[in-house]
Amino acid sequence: MNLVTEELTAISPETGSECSLENYLALPDHTMDKRIADARARLGATTLLLGHHYQRDEVIRFADYTGDSYKLSKIASETDAKYIVFCGVHFMAESADVLGHDGQQVILPDLNAGCSMADMAEISQVEACWEELERMGLTADTVPLTYMNSAAAIKAFCGERGGLVCTSSNARAAFAWAFARGKRILFLPDQHLGRNTGYAMQIPMEDMVVWDPWALQGGQTANRLAASKILLWKGHCSVHQRFLPSNVDDVRAKYPGIRVIVHPECRWEVCQKADAMGSTEQIISFVERAPEGATIAIGTEIHLVNRLARRFAAEGKRIISLDDHGCLCTTMYRISPQHLAWALENLVEGRVVNRIKVRADVKQWAKVALDRMLEVK
Ligand code: SF4
């Protein structure tokens, strides 16, 4: 877990000790429904419950708003609610804290809900990379740009050096913003989103160079680095990287006429074989616009795919996962109904548990980078 976030389990001295999480974890899922609904109702407008599309059904059904990380961060920046309960992963709660007002508190129901991709770019590694680029005289025309799926320290690093944050919804616009200010982008931490976006902008593959944080000088020659247009950090999403080109071939063979849409965190080879590529919000919109009777394979997290399959079955649309086995984000799955009930019932009692609070100096620059993201359409 990154070192710039204070994760607080605050216990109000007036109201005694927190309800033990262990007592909740021993109870079955369905017994949480009424408790969550009751606590939610008692908290009223003081509390906003945000749910990412990859959350479990038993959790997301209680969300006031659902969305991808872009949509949810925008909502977090606009709400006046005192408490934001974020059913998502750590970097999303951090971003909500950065974008929120003074006095607001952000709660992540399970602190173990991290993101393996975000963990692939440590701030010390990124600083070491930047020092190498500086030594080669390349930083003056390099703009650092990080995907939302990164720690607050990485966002702050980008903000402080004239860069910004993007999501899969606005990556292309963010790349254009960066290219208007420099010749080269250092893109963190997802190589696939970076490559897919660069390729869609007609940047030749040979001008996109992978920086391996574990190799000397990123595993590249100085000439290659100097000639590059995009430096792709060697990170990936363990969920989306599981989709393979053969999955696209298989569904096309099995369902003639099928449409395939994938998330840009998928490998370039998979995206090339698909009919369309888009963020989760764009995937939903693609399914909504599809004609009645369409069959669509989706390359993204299985909870969203299954939810869309149920929602559009009545319109005769057949929605399947691109991979027969379905790809599950295990860290998103960590937010259970028990964790949510525990967080909400503690709030009802006046206790804030699992607060995510980004350190003030990091917050300042992370906010600069996130504000730039919100300005870029
Ligand atoms: S789906 Fe991938 S990028 Fe998204 S939270 Fe899970 S591991 Fe991270």
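Cut-offs applied
- One numbering rule holds for all chains: residues counted from 1, following each sequence as written.
- Local features in this predicted model are restricted to residues of pLDDT 70 or higher, and side-chain atom pairs are both shown and tallied only at a pLDDT of 80 or more, whereas totals for entire chains, interfaces and linings draw on every residue.
- For the domain bounds, the source is a domain assignment made automatically or taken from a database.
- In this description, a residue-residue contact is defined by the distance between C-beta atoms placed from the backbone, which must lie within 7 Å.
- Secondary structure elements are defined from DSSP: runs of H or I of at least 4 residues count as helices, runs of E of at least 2 residues count as strands, and each element is numbered from the N terminus.
- Residues are grouped as follows: Ala, Val, Leu, Ile, Met, Phe, Trp, Tyr, Cys and Pro are nonpolar; Asp, Glu, Lys and Arg are charged; all remaining types, including Gly, are polar.
- Backbone-placed C-beta atoms define the burial measure: a residue is buried with 20 or more other C-beta atoms within 10 Å of its own, exposed with 12 or fewer, and partly exposed in between.
- Lines fitted to C-alpha atoms define the axes here, with helix axes fitted over just the stretch in contact, and angles between the N-to-C directions of these axes take values from 0 to 180 degrees.
- Here roughly perpendicular refers to angles of 65 to 115 degrees, roughly parallel to angles under 35, roughly antiparallel to angles over 145, and oblique to all remaining angles.

## Some remarks on the domain arrangement of the protein chain
Domain boundaries in the protein chain define domain 1 (5-114 + 332-365), domain 2 (118-237) and domain 3 (240-321). One C-alpha centre belongs to domain 1, the other to domain 2, and the line joining them spans 31 Å. Listed as interface residues are 12 residues of domain 1 and, on the opposing side, 14 residues of domain 2. Only helix H4 (69-78), helix H5 (90-99) and helix H16 (360-375) provide two or more residues apiece to the side of domain 1 that touches domain 2. Ranked by the residues each element gives to the side of domain 1 that touches domain 2, the list is headed by H5, at 4 residues. Residues belonging to the side of domain 1 that touches domain 2 are distributed by class as follows: 6 nonpolar, 4 polar and 2 charged.

## Let's talk about unusual backbone geometry
The peptide bond linking Leu188 to Pro189 adopts the cis configuration, its omega dihedral lying at -20°. With respect to the element layout, Pro189 can be found in the loop between strand E8 (184-188) and helix H9 (191-200). Although it is not a glycine, Gln202 sits at a positive phi angle of roughly 65°. Within the fold, Gln202 resides in the loop between H9 and strand E9 (208-211). A positive phi angle, close to 55°, is found at Asn354, a residue other than glycine. Mapping Asn354 onto the fold places it in the loop between helix H15 (337-348) and strand E15 (355-358). Under the C-beta neighbour-count criterion, Asn354 is labelled buried, with 24 such atoms within 10 Å.

## Brief notes about helix H7 (residues 152-160)
Counting buried positions over the 9 residues of H7 gives 8, a clear majority of the element. Listed as buried for H7 are Ala152, Ala153, Ile154, Lys155, Ala156, Phe157, Cys158 and Gly159. Two residues or fewer past H7, Gly162 is found with a positive phi of approximately 80°.

## Topic: the packing of helix H8 (residues 171-179) against H9
The contact between H8 and H9 brings their axes to 10 Å, and the two run at 75°. By the angle class used here, H8 and H9 are roughly perpendicular. For the pair H8 and H9, contact is made by Ala171, Arg172 and Phe175 and by Leu193, Thr197, Gly198 and Ala200, respectively. Taken together, the residues of the contact of H8 with H9 sort by class into 4 nonpolar, 2 polar and 1 charged.

## Concerning the environment of Ile298
Within the secondary structure, Ile298 sits in strand E13 (residues 295-299). Separated by 24 residues in sequence, Ile298 and Leu322 have C-alpha atoms that sit 5.2 Å apart. Residues in contact with Ile298, not counting those within four places in the same chain, are Ile261, Ile283, Val305, Leu308, Ile319, Ser321 and Leu322.

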